[in-house]
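Tertiary structure, described
Spelled out, the chains give:
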Amino acid sequence: MYSIDKSQSHSENTFISVKLTKAGKKLCRPKSLNSSKANLRYSRLRRKLRKPKRSCPRKCKSEIDSDCRRSRTQRKRRSSLSIKSFQAKDLVRRIGMATDLKFNASLGSTDPQVHPVLIIGQLRHLNLLKFNDLANKLNQRVTEETFLNAVASLHPAPTDKVSLYLDLATLAALPLKASRHNTDSRAHAVTRLVKNHVLNVSEESVVLVCERENLFASACAVVRAFPLYSRKTGNGQTTGGGDGSNDTSRNIVNVEFILINKEGGVETEPLTQDEIECLNVTAQGIRTTARIVDMPCNEMNVDHFVQAVEELGCELGIKPQVIRGEELRERGFGGIYGVGKAAAVPPALVVLSHLPKRAQETIALVGKGIVYDTGGLSIKSKTGMPGMKRDCGGAAAILGAFYAAVKCGFKENLHAVFCLAENSVGPNATRPDDIHTLYSGRTVEINNTDAEGRLVLADGVAFASRDLKANIILDMATLTGAQGIATGKYHGAILSNSESWEAKSVQAGRKSGDLLAPIPYCPELHFSEFASAIADMKNSVADRQNAQSSCAGLFIAAHLGFDYPGVWVHVDMATPVHCGERATGYGVALLLTLFGAHSESKLLQSIAPAEEEPPSKRLCRD
């Protein structure tokens, strides 16, 4: 143990006696110092002696001075590094600031000190990289040895990251494995890594190392990490539409790619202009969808949604058809009118139609657009109602997908049908026991006003078949809470009268990152759940333990008719529509991929699901 004794004598000189006691030995070495320096020197010695080194404690004056100089140099060096890191972040703590995404054809040359970079890829792809493949992004801040050591130190479980230069250049590895029900792109892990490790500075880069077949899904995964809507104050997003459109100082994230070919080499050709344009319009579609879903009903009611459709339609040169209020009742849309008639803003059916020449097929996308769902008179609980602004997620996804599909040159007839209403409570609200006649002509006894989505979609698909003459009808909706129980948080539920289209939809989900899992299509066993003594059917099941998500979809199919000769696909995405408190833009990438064969975009054509033999036919043949 060490002890320090301080004593003074004489008028001008101060004597410091440092007594060091260890293992019974006492060593004293008095030093005469100038009185003005005594306290400073004493305090430094005291700090040193609190944590003694193993070397001999006896030090001469020159040794102590040398230690002090070395200590000062180290402190200056640490301070310099801290200041550099602080300056590199540019005093930016603008987490809520609007972000612009820019897809680049090839890697630009940047300095991580002022332009941070996040590099993401599977470990097997990162191991194939040479330092020169990334030298432009690291710009003398990182040596080849550091890069190779960083790659060797990655042990993803399920992900891992290592810093190459302070926090300004980061290397991240995706999960090693992806099962057959996951996407090869590991899209969900990409989104998490981007959210957690971008710095939100004025400009930075995300570099994706992947195979060309995962280019689209990886790009969409990055887009999902940057939602548009925010009403936080003090971040430049408190005016306009909540998307930061009036913000003059927006962050820029450059998204760049290093593509690995089948032989394990790095492709040298940059992305084509067609691929860049496809990624840009897809990003706009996803972010528009997420913004609508994130917006509360006081900013995104039926009027606002109709306005959003009209604005995108104007950009595409398409004027929407709008049927509203009492006109819905007069024309027989009993489902949409019955759900929305109690709200202050009347319900609407809105249709956008893209009709190119030489089209061979007619495809209708029908979206559930319940801008808020209180449950009606079968009212939700105080914990079950928050978040019901997201009940328009299906219609929002179809709006984003329709916009991107037309921009990419869709070659077939394409209709987007938006069934818009607010399921509210009021004197005119639909009551349990009421009977409505829907657009199909079939009557429905209401036994649960909180099962409203199927009512508006039933009108939508009947309109698509009868008036639009669609031979392929896909409806998308946040339809049932049971979907999350059946297929989980990441997979939407797919129900279809066509086994081949069910398989194509699942395949499109894996290629786009918007995952799907099939649920049983069996009307002869399940539709009896809607039996009514006084109407054609009820709107809610008798047994809530019997395949709720399948039954809800079958209710919609019943208004097409189970003998409908065309293709009907139903996507329930109640849970994947959001992650935590933010919307994901789910559905846009899925629909673009599913119908990619009808697009002029070569990127979408390359990932469109191939025609394959349905699983049941393979089993029968084998």
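Basis of the calculations
- Residues numbered from 1 in each chain as written.
- Predicted model: local features only at pLDDT ≥ 70, side-chain atom pairs only at ≥ 80, totals over all residues.
- Heavy atoms only, no water.
- Buried < 20%, exposed > 50% of the residue type's maximum accessible area, 1.4 Å probe, protein only.
- Helix = DSSP H or I, 4+ residues; strand = E, 2+ residues; numbered from the N terminus.
- Pairing = 2+ DSSP bridges.
- Axes fitted to C-alpha atoms, helices over the stretch in contact; angles between N-to-C directions.
- Contact = heavy atoms within 4.5 Å.
- Patch = residues over 30% accessible without salt bridge, like charges linked within 9 Å, V, L, I, M, F, W, Y side chains within 5 Å.
- Areas by Shrake-Rupley, 256 points an atom, 1.4 Å probe, with all protein chains shown as cover.
- Salt bridge = Lys/Arg side-chain N within 4 Å of Asp/Glu carboxyl O.
- pLDDT = per-residue confidence, 0-100.

**Description of helix α7 (residues 215-223)**
- Burial analysis of α7 places nine of its nine residues in the buried class, which makes it a mostly covered element.
- Looking at α7, one finds that the buried residues are L215, F216, A217, S218, A219, C220, A221, V222 and V223.

**What to know about the sheet that holds strand β14 (residues 362-373)**
- Taken in spatial order, the eight strands line up as β12-β13-β15-β14-β18-β22-β19-β20 in an open sheet, and their pairing is mixed. Because the sheet does not close on itself, it has two edges, and the strands there are β12 (321-324) and β20 (516-518). Direction aside, neighbouring strands of the sheet carry axes that sit 20° apart on average.
- Where strand β13 (residues 348-354) and strand β15 (residues 413-423) come together, seven bridges link them in antiparallel fashion. Counterpart to L352 in the pairing with β15 is A416.
- Of the strands in this sheet, β12, β13, β14 and β15 touch helix α9 (residues 302-316), which is tilted by about 160° from β15.
- The strands that helix α17 (residues 548-558) touches are β18 (472-477), β19 (492-496) and β22 (567-572); relative to β22, the one it contacts most, it runs at about 140°.

**Points about a nonpolar patch on the surface**
- On the surface, L377, I379 and V425 cluster together into a nonpolar patch covering about 260 Å² of accessible area.
- With respect to the helices and strands, L377 occurs in the loop between β14 and α12 (393-407).
- For L377, a relative accessible area of 41% puts it in the partly exposed group.

**Here we look at the sheet that holds strand β21 (residues 537-538)**
- The strand order across the open sheet formed by three strands is β16-β17-β21, and the pairing between neighbours is mixed. The open sheet is flanked by β16 (435-437) and β21, the only strands paired with a single partner.
- Across three bridges, β16 lies against strand β17 (residues 443-445) in antiparallel orientation. The residue bridging H436 from the neighbouring strand is V444, located in β17.

**Digging into the confidence of the model for the chain**
- In this model, the chain carries a mean pLDDT of 87, and residues with pLDDT of at least 70 account for 80%.
- Contacts for the low-pLDDT stretch residues 1-36, under 50 throughout, to residues beyond four places or in other chains number 61 contacts.
- Confidence drops under a pLDDT of 50 for residues 76-96, and excluding neighbours within four residues, the segment shows 18 contacts in the predicted structure.

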